[in-house]
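# Structural features, examined
Each chain is listed here by its residues.
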Amino acid sequence: MKKYIIGNWKSNKTVEEAKQWLDKFNSQLQTTNYNLQAKIIICPAFTHLSLFREYIDAKKLPIELGAQDVSAYDSGAYTGQVSAAMLQGLVDWVIIGHSERRKYFGETDEVLSQKVVQAQKAGLNVIFCVSDEKTAIPDGVAAVAYEPVWAIGSGKTDTPENANAVCGEIKQKTHVATVIYGGSVKPENVASFLSQKQIDGVLPGGASLQANSFFNLITHADTNA
Ligand code: PGA
């Protein structure tokens, strides 16, 4: 099975910066004639999704697109919300339950379940984030990301061995086949996670923001995993 590398841009980059990232990433791929082994998914802000979709299609970039969140409601009178139907045709994936959504936007297990239902109705694949093996996981998600809160953006990672154990427990509990690790994943440590049996991919945040370092991370993942 291909390993997953999912770049979560969070609330970063202007439209101009997003264009520059795409140009840089594309030229890295072209100039090195690089043959990607992993499945690459980028999750930029909603405002960049159309740009990404057009760029990926025009240049036939071998990457897939994801959103970082979705509304818990159908389309309608919900000012400011982006419904799952609005994402159809733009993205194949959506992250739901990131710890920053839980912490800063008060998203509860109940709201997160509604979001998963909405995503599924629209045929989107859900990457569901949890901070440990005890967190509730709704049925039918495509992938689970184990992300210990203290490892996010801190430069500290879980040990590959412990992350492997937690990912294994999540698989047993949920029967979800794809479980990945996130939290301060960098080019230097990515292979240590991907070489673990139960870890099917990684979810880098900070390390996905610069095209060079993201490309570097991918090449380390491909050659060492
Ligand atoms: P980080 O973020 O790689 O910057 O720690 C990961 C995440 O929050 O998904």
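Anyway, here's the lowdown on the structure attached to this text.

Criteria and cut-off values
- Residues numbered from 1 in each chain as written.
- Predicted model: local features only at pLDDT ≥ 70, side-chain atom pairs only at ≥ 80, totals over all residues.
- Heavy atoms only, no water.
- Axes fitted to C-alpha atoms, helices over the stretch in contact; angles between N-to-C directions.
- Helix = DSSP H or I, 4+ residues; strand = E, 2+ residues; numbered from the N terminus.
- Parallel < 35°, antiparallel > 145°, perpendicular 65-115°, else oblique.
- Left-handed = near helix turned anticlockwise from the far one by under 90°.
- Contact = heavy atoms within 4.5 Å.
- Nonpolar A, V, L, I, M, F, W, Y, C, P; charged D, E, K, R; others polar.
- Buried < 20%, exposed > 50% of the residue type's maximum accessible area, 1.4 Å probe, protein only.

### Digging into the packing of helix α1 (residues 15-32) against helix α2 (residues 49-59)
One way to put it is that α1 packs onto α2 with a least axis distance of 11 Å and a crossing angle of 20 degrees. By the criterion of interaxial angle, the relationship of α1 to α2 is roughly parallel. Considering the relative orientation of α1 and α2, their crossing is right-handed. On α2, the residues that touch V15, A18, K19, W21, L22, D23 and N26 of α1 are L51, F52, Y55 and K59. Class assignment of the residues belonging to the contact of α1 with α2 gives a composition of seven nonpolar, one polar and three charged.

### A look at α2
Those residues of α2 that fall on the buried side of the exposure criterion are L49, F52, R53, Y55 and I56. Where α2 is buried, its residues contact α1, β2 (39-43), β3 (64-67) and α3 (84-87). Trailing α2 by a residue or two, K60 shows a phi angle of about 50 degrees, which is positive.

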